[in-house]
Every structure is written in C-alpha cells, then in structure tokens.
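Summary of the model geometry
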Amino acid sequence: MAASPRRCPDGPQLKAGEHNAITDVPGIEVGHATDEKALTGTTVVLCREGAVAGVDVRGSAPGTRETDLLEPENLVQRVQAVVLSGGSAFGLEAATGVVRYLEEEGLGQPVGGGRVVPIVPAAVIYDLEVGDGDVRPSADAGYLAARQATRGPVEMGNVGAGTGARAGGLKGGVGSASAVLGGGIVVGALAVVNSLGRTHDPVTGELYGRVLELGGEFEDLSPARPIPPTGDEYADIFPADASLAGRNTTIGVVATSAILDKAQARKLAQVAHDGLARSIRPAHTLFDGDTIFALATGGHQISVPTELARLGAIVADVFSRAVVHAMLAAQGAAGLHSYREAYPGMFRKTRS
C-alpha cells in the first residue's frame, strides 16, 4: 500500500508511488533469484526500453562489471539492466545470464546485421560466510531473475541479492521505496544492505533513516525519538587487522522518469550516496564496496538546474527509506538476528 502524502510548509505535495518501490518508475522492472538453502541470490533491475545510466563507487572494496562504460565521455548511452548479486566476485557471473535473456528478447545495443549486445552493469556483495560459500549465483540465476522481473510490488528482505546480506551485526536484505514529485516525475530506489556500519543507533535502537518517513510507511514502528550522542559508537565495528577487508558492501539502484544525460545520471548516483550515509554509519569504509547505479527512463523534461538539484535531494531521501525497508523486512538467518528480533521494543505494542 502506498504511503500517505506529506507536505512541507508552503511546498509541493510529496507522496510515495503505488507500490512504494523502484518499479513505480515507468519502464523499471525487478526480479529476484533466491537460493534459500545456500543463502545467496541475485536481483535484476530491468529496463527493456533502455535507460540512460550513471554510477558512483564510494567504497574501497568494490566488485563491479561494466562501470567504465557508464562514464559520460564513453560511447554507449543506454543500458538494458543492472545486476545486483551475492557471491562476491564469483557472483558477477549472474550478469552473463541476464545478457543471454536480453539477447533472446532482442534487447540491447544495435551492432549491425540484426544483432544486439545487451549492456548490463553489475555489482556484488560478499556473502560467502553467511550460507554455503561454495554455492554462488550463476548465469542461470541471472537468467531466472531477469525472466521473473515484473513492474509490480518488489519483494523485500531475504530475497535475491539480499538473501545472505548482513548489516552492522544484524541480518540485512533488499529494500525499496519511491516518491512522486510535483509535475509527475517519479523517483525510486532499491538497496541491498550488507554494510559494515549499522543502520541503527546501538544504544537507543533507533533506525537512522526512519526520520525520513513519508506518510505512514513505517507505521508499525514506535514514534521516532531524538538520537542522543553516544560517544565512540564505532569502537566495536572495526577489526584489529585486515581480516574483514572487502566483506561488506551496500549496493543499489536509483531510477527516475526524468530525462537525463549520462553526466546528470552520474550526479544522481553521487547524491544518492548521501542517503546511504544518512541511514548507515559508518559508510564508504575501507571494508565496504558501496556502489550505486542511476537509471533515467525519460518522459519528463527537467528545464532548470534547480530541478535537478531538488531531484537529487529527494533521491537521497528515497534511498535512505529503502535501507529502512530492507531492515524491517529482513528475517533472522544463519545465526544473525533481524532488526525486529534484536529491538522488539522499537515497535508499537499490539492489543490482544
């Protein structure tokens, strides 16, 4: 169910889309392939008609594919999908299956002779120690996720690339959210939360990103409380050596129905990281490979730079809300407690 509208003083109405998910952006579909036994999987964000794309990598331990192609000065202008996967570097193989699916559908960059080459960037998380580390998402997993992609509600929590995700000592997962701006522009985000940092204050249990709630989307949470300073809340996060290098990463996709060029799409990916940093602390560490892609499907013209700036600000908030939804939807697994299990007092009491 879509969240109710929220108004800023003397400002335009802002509301979530029909599904409060990235699929509210026209032309965007999402599909998952989930291995519940091995605790890994793949998520595909599909744009059959193509989308102008950008990317911004902020973490120091990324695992990616086809990101150089997205630089504004490079030739190809549109992508047909973005793959987010578990399996660490092995999981990049899932993109091959998505390429195969798109080729069968005749979707990709035309190269003459009736052929197309599907353009499919990808990013991965490290989940090899959560489930069966010998089982990784394959090309078949990518193919299945692409084939199952729909424009409907997005399944969240322990699915797809979020199946084996962990976040700040708790179970992580997949989350999504959206917003509809005045004039009909739609923005959405999908986050795979597998962070070294926490999504919540370790003393109060308050989720950092829930203050950006749109309408009543987090209605089962107790009313938000101020988060007081807690001193060195990072003391127990960082390892004494480099043994955990590269084992955490939050990856995601933001999308909009606005018409953007590749440089503007990259800027959108850059500012989306502000939303990541507001909802996960610390972020972009030496041990994370934080990567966000941006997709612009077109349809709504942006006429002045201030519109693009406002669009970016809202996209960052939407990404933060997607992180919260990931934590609320996640279920405990492999000895990791979910947020709901770890902080039951943060939820409204139900009367029997």
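The structure we're discussing is the one just above.
Presented here is a report on the structure given in the accompanying data block. Here the structure is a predicted model, which is why all the values come from computation and not from measurement.

Moving on, we get to the overall build of the protein. A count of helical and extended segments in the protein gives five helices and 15 strands. Within the protein, the fraction of its 352 residues that count as buried is 57%. In the protein, the proportion of contacts linking residues at least 24 apart, taken out of those at least 6 apart, comes to 79%.

Before going further, it helps to examine the pairing of strand E6 (residues 78-85). Of all eight residues that make up E6, seven are buried, and the element is covered over most of its length. Two strands pair when backbone bridges link them, and strand E4 (residues 40-57) and E6 are joined in this way by seven bridges, in the antiparallel orientation. Within the sheet, the bridge partner assigned to Val 52 lies in E6 and is Arg 78. As defined by bridge partners, E6 adjoins strand E9 (residues 122-124) across three bridges and the pair is classed as parallel. Bridge assignment links Leu 84 to a residue of E9, and that residue is Ala 123.

Structurally, Gly 183 can be placed in the loop between strand E12 (173-180) and strand E13 (186-193). Between the C-alpha atom of Gly 183 and that of Gln 301, which follows or precedes it by 118 residues, the distance is 9.8 Å.

For helix H3 (residues 262-279), spanning 18 residues, the distance from its first C-alpha to its last is 26 Å, which sits close to the expected 26 Å at 1.5 Å a residue. Here H3 has its buried residues at Lys 262, Ala 265, Leu 268, Ala 269, Gln 270, Ala 272, His 273, Gly 275, Leu 276 and Ser 279. Its buried side turned inward, H3 meets E4, strand E14 (251-258), strand E15 (291-300) and helix H4 (305-329). For H3, the N-terminal capping position is held by Asp 261, with its side-chain oxygen 3.2 Å away from the main-chain nitrogen of Ala 263.

Along the polypeptide, Thr 250 turns up in the loop between E13 and E14. You can call Thr 250 buried: its relative accessible area is 0%. Beyond its immediate sequence surroundings of up to four residues, Thr 250 is in contact with Val 192, Val 193, Asn 194, Ser 195, Leu 276, Ile 280, Asp 290, Thr 291 and Phe 319.

Our next topic: the packing of H3 against H4. The interhelical angle for the contact between H3 and H4, taken along N-to-C directions, is 40°, at an axis separation of 7 Å. For the element pair H3 / H4, the angle class is oblique. Between H3 and H4 the crossing geometry is right-handed. Contacts between H3 and H4 involve Gln 264, Leu 268, Val 271, Ala 272, Asp 274, Gly 275, Leu 276, Arg 278 and Ser 279 on the former and, on the latter, Leu 308, Leu 311, Gly 312, Ala 313, Val 315, Ala 316, Asp 317, Phe 319, Ser 320 and Val 323. Tallied by class, residues from the contact of H3 with H4 come to 11 nonpolar, five polar and three charged.

Side chains of residues three or four places apart in an α-helix project in the same direction, reflecting 3.6 residues per turn. Of all the positions in helix H2 (residues 139-147), only Ala 139, Ala 141, Gly 142, Tyr 143, Ala 145 and Ala 146 are classed as buried. Against strand E3 (29-35), E4 and helix H1 (94-104) lie the buried residues of H2.

Okay, the packing of aromatic side chains next. Each aromatic ring pair is characterised by the separation of its centres together with the angle its planes make. Per the stated rule, a full pass over the model turns up three aromatic pairs. Ring geometry for Tyr 101 versus Tyr 143: centroids 5.7 Å apart, planes at 85°, classification edge-to-face. Separated by 42 residues along the polypeptide, Tyr 101 in helix H1 and Tyr 143 in helix H2 bring together distant segments of the chain. Linked through ring pairs, Tyr 339, Tyr 343 and Phe 347 together constitute an aromatic cluster. Here the guanidinium or amino end of Arg 136 rests over the ring plane of Phe 90, the centre of that ring lying 3.7 Å away.

What counts and how
- Residues numbered from 1 in each chain as written.
- Predicted model: local features only at pLDDT ≥ 70, side-chain atom pairs only at ≥ 80, totals over all residues.
- Heavy atoms only, no water.
- Helix = DSSP H or I, 4+ residues; strand = E, 2+ residues; numbered from the N terminus.
- Buried < 20%, exposed > 50% of the residue type's maximum accessible area, 1.4 Å probe, protein only.
- Contact = heavy atoms within 4.5 Å.
- Pairing = 2+ DSSP bridges.
- Expected span 1.5 Å × (residues − 1).
- Polar contact = N/O pair within 3.5 Å; in protein donor to acceptor, adjacent residues only side chain to side chain.
- Axes fitted to C-alpha atoms, helices over the stretch in contact; angles between N-to-C directions.
- Parallel < 35°, antiparallel > 145°, perpendicular 65-115°, else oblique.
- Left-handed = near helix turned anticlockwise from the far one by under 90°.
- Nonpolar A, V, L, I, M, F, W, Y, C, P; charged D, E, K, R; others polar.
- Phe/Tyr/Trp six-rings, centres within 6.5 Å; stacked < 30°, edge-to-face > 60°.
- Lys NZ or Arg CZ within 6 Å of the ring centre and 35° of its normal.

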